[in-house]
Amino acid sequence: MNKDIGWVVSLWIDTTQEPLNGREEFPYLSWSPYDRVTITEVDKFSRFFETEDVGSWNGTVQRLHLIPLQNGFNWKLGSSSLIDVPGMDENKYGIYGIVTARLKKRVCDIRDLESKACQKISQALEGREVIWQGFHSLGAEDFVGIFLADTIKSLSGAIGTLRQMSMEQDWRKEELFGSICSFCGLNNPNFLGEPEADLIVRLNMKSSELKDNAYDDLQTVLRNKFKAAYKDIAINQLMLGKGCIQVEIPNHPAALSCFDNSDDGIFNGVSSFYKKYVASSRTYWSLKEENGIDPDLVTVGMVEIKEDHAAEAAQMDGIKIPPVSRFIWKEYERMINAKNCLWWKPILQRQYKAYADFVENYIKQGEHEELCSLNNKVQTVLLHINQATAPIYEIPYHNYFILGHIVIF
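Throughout, residues of each chain are indexed from 1 in the direction in which the sequence is written. Under the rules for a predicted model, residues below a pLDDT of 70 receive no local features and side-chain atom pairs below 80 are neither given nor counted, while totals for whole chains, interfaces and linings still include all residues. Think of the side-chain values as coming from all heavy atoms in the structure, minus any hydrogens and water.

Peer 1: Where do I start with the overall build of the protein in this structure?
Peer 2: Per the secondary structure count, the protein includes eight helices and 19 strands. A buried classification covers 50% of the 409 residues belonging to the protein. Residue contacts follow a heavy-atom distance rule, with two residues in contact if any of their heavy atoms lie within 4.5 Å. Counted over contacts in the protein with a minimum sequence separation of 6, partners at least 24 positions apart contribute 75%. Note on areas: Shrake-Rupley with a 1.4 Å probe; residue coverage comes only from the protein chains shown. Accessible area of the protein: about 19400 Å², with a carbon and sulfur share of 50%. For helices the rule is a DSSP run of H or I covering at least 4 residues; for strands it is a run of E covering at least 2, with both sets numbered from the N terminus onward. A 1.4 Å probe rolled over the protein chains alone gives each residue an accessible area, and that area as a share of the maximum for its type sets the label: buried under 20%, exposed over 50%, partly exposed in between.

Peer 1: Help me understand the environment of Ser30, please; the structure alone is not making it clear to me.
Peer 2: Relative to the elements of secondary structure, Ser30 occurs in strand β2 (residues 30-31). Classification of Ser30 by relative accessible area gives buried; the value is 7%. Considered as a pair, Ser30 and Thr283 are 253 residues apart in the sequence and their alpha carbons are 9.0 Å apart. When sequence neighbours within four positions are dropped, the list of residues in contact with Ser30 reads Asp35, Arg36, Val37, Tyr96, Phe183, Cys184 and Gly185. Polar contacts, as counted here, are pairs of nitrogen or oxygen atoms within 3.5 Å of one another; within protein the pair requires one atom able to donate a hydrogen and one able to accept it, and residues that are adjacent in sequence qualify only if both atoms are side-chain atoms. Only 2.7 Å separates the side chain of Ser30 from the side chain of Ser32, close enough to count as a polar contact.

Peer 1: In this structure, what is going on with the nonpolar core? I would like to understand it.
Peer 2: Most often, soluble globular proteins keep nonpolar side chains buried together rather than apart. Residues belong to a common nonpolar core when they are buried Ala, Val, Leu, Ile, Met, Phe, Trp, Tyr or Cys residues joined through side-chain atoms within 4.5 Å. Formed by 59 residues in total, the largest nonpolar core has its most connected members in Trp31, Phe147, Leu218, Phe259 and Phe267. Filtering out sequence-adjacent residues up to four positions away, Trp31 remains in contact with Ile95, Ile152, Cys184, Gly185, Leu186, Leu256, Phe259, Thr283 and Trp285. Within the second largest apolar cluster, 30 residues are counted, among which are Ile328, Ile347, Ala356 and Val378.

Peer 1: Please explain the sheet that holds strand β8 (residues 130-137) as it appears in this structure.
Peer 2: Two orientations exist for strands paired in a sheet by backbone hydrogen bonds: parallel and antiparallel. Spatial strand order, β2-β12-β7-β9-β8-β4-β1-β3: eight strands in an open sheet with antiparallel pairing. Across the chains shown, the open sheet's two edge strands, defined by having one partner strand only, are β2 and β3 (36-42). Relative to strand β9 (residues 143-149), strand β7 (residues 95-103) is paired through seven bridges, and the arrangement is antiparallel. Across the sheet, Tyr96 pairs through a bridge with Leu148, a residue of β9. Here an angle of 0 to 180 degrees is reported between the N-to-C directions of two axes, which are lines fitted to C-alpha atoms, with helices fitted over the stretch in contact. Docked against the sheet, helix α1 (residues 110-124) engages β7, β8 and β9, running at close to 170° with respect to β8. Only strands that DSSP links by at least two bridges are regarded as paired with each other.

Peer 1: Sorry if this is basic, but what is going on with the packing of helix α5 (residues 323-336) against helix α6 (residues 345-364) here?
Peer 2: Helix packing for two helices is described by the angle between their axes and how far apart those axes are. Here α5 crosses α6 at 160°, and the two axes come no closer than 9 Å. Classified by the angle their axes make, α5 and α6 are roughly antiparallel. The two elements α5 and α6 cross, and the hand of that crossing is left-handed. Judged by residue contacts, Ser325, Ile328, Trp329, Tyr332, Glu333, Met335 and Ile336 of α5 engage Lys345, Leu348, Gln349, Gln351, Tyr352, Tyr355, Ala356 and Val359 from α6. Think of it as three bins: nonpolar holds Ala, Val, Leu, Ile, Met, Phe, Trp, Tyr, Cys and Pro, charged holds Asp, Glu, Lys and Arg, and polar takes everything else, Gly as well. Residue composition of the contact of α5 with α6, by class: ten nonpolar, three polar and two charged. Any angle between 65 and 115 degrees counts as roughly perpendicular, while under 35 counts as roughly parallel, over 145 as roughly antiparallel, and the rest as oblique. The sense of a crossing depends on the near helix, which, turned anticlockwise from the far helix by less than a right angle, makes the crossing left-handed and, turned clockwise, makes it right-handed.

Peer 1: I'm lost on the confidence of the model for the protein in this one. Help?
Peer 2: Do not read the fine detail of predicted coordinates wherever pLDDT is low. pLDDT: the predictor's confidence for each residue, scored from 0 to 100. Of the residues in the protein, 81% reach a pLDDT of 70 or more, and the chain-wide mean stands at 80. Per-element confidence in the protein ranges from a low mean pLDDT of 39 for helix α8 (residues 401-406) to a high of 93 for β9. Counting interchain partners and residues more than four positions distant, the pLDDT-below-50 stretch residues 307-311 has five contacts. Segment residues 393-409 is flagged for pLDDT under 50; beyond a separation of four residues in sequence, or across chains, it makes 27 contacts in the model.

Peer 1: Explanation requested: the side chain of Arg326 in the structure shown.
Peer 2: Take Arg326: it is sitting in helix α5. Under the counting rule used here, the positive set is Lys and Arg, the negative set is Asp and Glu, and His together with the chain ends is not counted. In the sections that follow, a salt bridge refers to a side-chain nitrogen of Lys or Arg positioned within 4 Å of a carboxyl oxygen of Asp or Glu. Buried and without a salt bridge, Arg326 has Asp142 as its closest oppositely charged side chain, separated by 5.5 Å. Among the polar contacts made by the side chain of Arg326, one reaches the main-chain carbonyl oxygen of Ser137 at a distance of 3.1 Å.

Peer 1: Is there a simple way to explain the pattern of salt bridges in this structure?
Peer 2: A side chain with one charge may pair with a side chain of the opposite charge, provided their charged atoms come close. Scanning the entire structure with this criterion turns up ten salt bridges. The closest approach of N and O atoms between Glu114 and Arg111, which form a salt bridge, is 3.4 Å. With a gap of three residues between them, Glu114 and Arg111 both fall in helix α1, about one helical turn apart. Taking relative accessible area as the criterion, Glu114 reaches 3% and is therefore assigned buried. Ionic contacts of the salt-bridge type, sharing partners, join the residues Lys92, Glu129 and Asp150 into one network.

Peer 1: Just to check I follow, could you spell out the packing of aromatic side chains for this structure?
Peer 2: Side-chain rings of Phe, Tyr and Trp, where Trp is taken by its six-membered ring, are said to pair if the distance between their centres is within 6.5 Å; with planes under 30 degrees apart they count as stacked, over 60 as edge-to-face, and otherwise as tilted. Scanning the model with the defined rule gives 19 aromatic pairs in all. A centroid spacing of 5.9 Å and a plane angle of 55° characterise the contact between Phe259 and Phe267, whose relative ring orientation is tilted. Neither Phe259 nor Phe267 differs from the other in exposure class; each is buried. Linked through ring pairs, Trp7, Phe73, Trp75 and Phe135 together constitute an aromatic cluster.

Peer 1: Hey, could you run me through the environment of Ala117 in this one?
Peer 2: Mapped onto the elements, Ala117 comes out in helix α1. Residue Ala117 is classed as buried on the basis of its relative accessible area, which comes to 2%. Once the C-alpha coordinates of Ala117 and Thr299 are considered, the two residues, 182 residues apart in sequence, prove to be 8.1 Å apart.

Peer 1: I would appreciate a short explanation of unusual backbone geometry in the present structure.
Peer 2: The phi angle at Glu196 is positive, at roughly 60°, despite the residue not being glycine. Following the sequence through the fold, Glu196 ends up in the loop between β12 (177-186) and β13 (198-205). Of note, the phi angle at Lys227 is positive, near 55°, even though the residue is not glycine. Structurally, Lys227 can be placed in the loop between α3 (211-226) and β14 (234-238).

In structure tokens:
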């Protein structure tokens, strides 16, 4: 596979939208603040900035722009799974985990550090039922890892590896990553297997009047699904908002089937139960804490720190992308999908594509002063549009509405 190929990971959110439609078009759910995940493959730099048609989805979307770090990257986008690994049994690796991390300190050689981190993670995962790939991000993230496993327990252990990673600075060990965010879901929407973890689901009801009916229907469905094991399931009504039901299911082979991308998946937004009763939900997996891995196995060694805290430029197709440009791209994406910018969406989409073309051309031609001037102007325009579309609670001290329209490229 061409190393210059990248991925755009789209994170779809619909928890506050009515009516909740479009879920059937996005079969890969996420147990996180995001509801659905899709991945698009890009084969050249400019395609990172093509705006995707959201179809009937009426929520919001955030995106990760990823470039694979390891040589020989051969993962594909699956037809019946989110990610397909050549030679992989289709019944294996039914759960994915995506981890985004920020370095605790800025380093002089990010490429060297990424290479060392990938090597250490691979060594730490040897012999485990987990496979993974490391990525560089064009966004605010310093490091992104995507893991595939068969159980929540295995996946949790792999993600814990990143949390334990350290570096040596002035002959003492420090945490490598200052912050880590992780979310997981089903790589195969109909994967069946024992999660090796307890399931906790909190259902926020559409209406308090429906809570009693939902409680009765939920009991019936779970009793039929778990048979004798139903006696171990706890269903509690919580005094939160319009009504909330919390379901606690001990580790069981049928637990993952509650998220099937079908009417049988009671905790999946496509099921009739969910559509009828549930406004939003949160899913948690509970595991007993285990001893961590050997700390010496996950240290990247001595790292030279940048004194000026300057950020490293990402690279794609041999093009080094400055951090300011990466920030501007993310801001365009946020605004394009923001409800308050809906009227501006066609203009922002044209600006977004034009800006990406300018950045690519300026960098290839070595016109760094022109790029710096462009970045300053674009940031000013985005600031003006942001302020023009913000709710007004006081008399505005300027009119940015016109300026935002003029500068379209």
